[in-house]
Amino acid sequence: MSENKKKIDEETLDALLYLSRLSPESTNLEILRQQVDQIVEYFDILSANDNSQNPYDAYPTTEVEKLRDGTIVPGLEAKDLKKMTGEFMDGYFQVPKVIGEGA
């Protein structure tokens, strides 16, 4: 990592340790500091290559995003459901019992 890049200071590292529930005694702080510095460097590289003004330009619109027109259409009626299955009785579908004994 070059010397002109930002380094993680002690206060930020302590905050990261607290948020990640790591104790300074159980963690090698020098290795952790190097890893966090590498992560920050990766974000600097990504930021340097960011040339988009609008983040939504990367995702073209599709037909799926269009909303329905809101017209009401008739649904299935009970008599049609009775024709589809023999498991329809008194306005409900009969299903196998899923709760075992003793529940």
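None of the values given here were measured: they were computed from a predicted structure.

1. Brief notes about the overall build of the chain
Moving on, step 1. Secondary structure assignment for the chain yields 3 helices and 2 strands.
Moving on, step 2. Scanning the chain from its N terminus toward the C terminus, one meets helices and strands in the order α-α-α-β-β.
Moving on, step 3. A burial count over the chain gives 10% of its 103 residues as buried.
Moving on, step 4. Of the roughly 10,000 Å² that the chain leaves accessible, carbon and sulfur atoms contribute 56%.

2. So, the side chain of R33
Moving on, step 1. Take R33: it is sitting in helix α2 (residues 29-48).
Moving on, step 2. Dropping the residues within four chain positions of it, R33 is found in contact with I8, D9, E10 and L13.

3. Re the confidence of the model for the chain
Moving on, step 1. When the pLDDT values of the chain are averaged, the result is 77; 75% of them are 70 or greater.
Moving on, step 2. Mean pLDDT across the elements of the chain ranges from a minimum in strand β1 (residues 88-89), with 78, to a maximum in helix α1 (residues 10-19), with 87.

4. Some points on the environment of E77
Moving on, step 1. On the secondary structure map, E77 appears in the loop between α2 and α3 (78-84).
Moving on, step 2. Each C-alpha atom of the pair E77 and G91 lies 9.9 Å from the other, and the pair is 14 residues apart in sequence.

5. Examining the packing of aromatic side chains
The description of an aromatic ring pair rests on the distance of the ring centres and on the angle between the ring planes.
Moving on, step 1. The tally for this structure, following the rule as stated, stands at 0 aromatic pairs.
Moving on, step 2. Between R21 and the ring centre of Y18, over which it is positioned, the NZ or CZ distance is 5.1 Å.

6. Some thoughts on the pattern of salt bridges
Close approach of charged atoms lets side chains of opposite charge pair.
Moving on, step 1. By the definition in use, this model includes 1 salt bridge.
Moving on, step 2. A salt bridge links E10 to R33; its shortest N-O distance comes to 3.0 Å. Of the two residues, E10 sits in helix α1 while R33 sits in helix α2, which places them 23 residues apart along the sequence.
Moving on, step 3. Here E10 falls in the partly exposed class, since its relative accessible area comes to 42%.
Moving on, step 4. Residue class for R33 comes out buried when judged on its relative accessible area of 18%.

7. Re α2
Moving on, step 1. Taking 1.5 Å as the rise per residue, α2 with 20 residues should run 28 Å; its terminal C-alpha atoms sit 28 Å apart, in good agreement.
Moving on, step 2. Of all the residues in α2, the buried ones are L32, R33, V36 and D37. Considered in projection along α2, the buried side chains sweep an arc of 135° and stay on one side of the axis. Among the exposed residues of α2, those oriented more than 90 degrees off its buried face are Y42 and L46.
Moving on, step 3. Backbone nitrogen of E30 and a side-chain oxygen of the N-cap are separated by 3.2 Å at the start of α2; the cap is N28.

Cut-offs used in this document
- Residues numbered from 1 in each chain as written.
- Predicted model: local features only at pLDDT ≥ 70, side-chain atom pairs only at ≥ 80, totals over all residues.
- Heavy atoms only, no water.
- Helix = DSSP H or I, 4+ residues; strand = E, 2+ residues; numbered from the N terminus.
- Buried < 20%, exposed > 50% of the residue type's maximum accessible area, 1.4 Å probe, protein only.
- Areas by Shrake-Rupley, 256 points an atom, 1.4 Å probe, with all protein chains shown as cover.
- Contact = heavy atoms within 4.5 Å.
- pLDDT = per-residue confidence, 0-100.
- Phe/Tyr/Trp six-rings, centres within 6.5 Å; stacked < 30°, edge-to-face > 60°.
- Lys NZ or Arg CZ within 6 Å of the ring centre and 35° of its normal.
- Salt bridge = Lys/Arg side-chain N within 4 Å of Asp/Glu carboxyl O.
- Expected span 1.5 Å × (residues − 1).
- Arc of directions from axis to C-beta.
- Polar contact = N/O pair within 3.5 Å; in protein donor to acceptor, adjacent residues only side chain to side chain.

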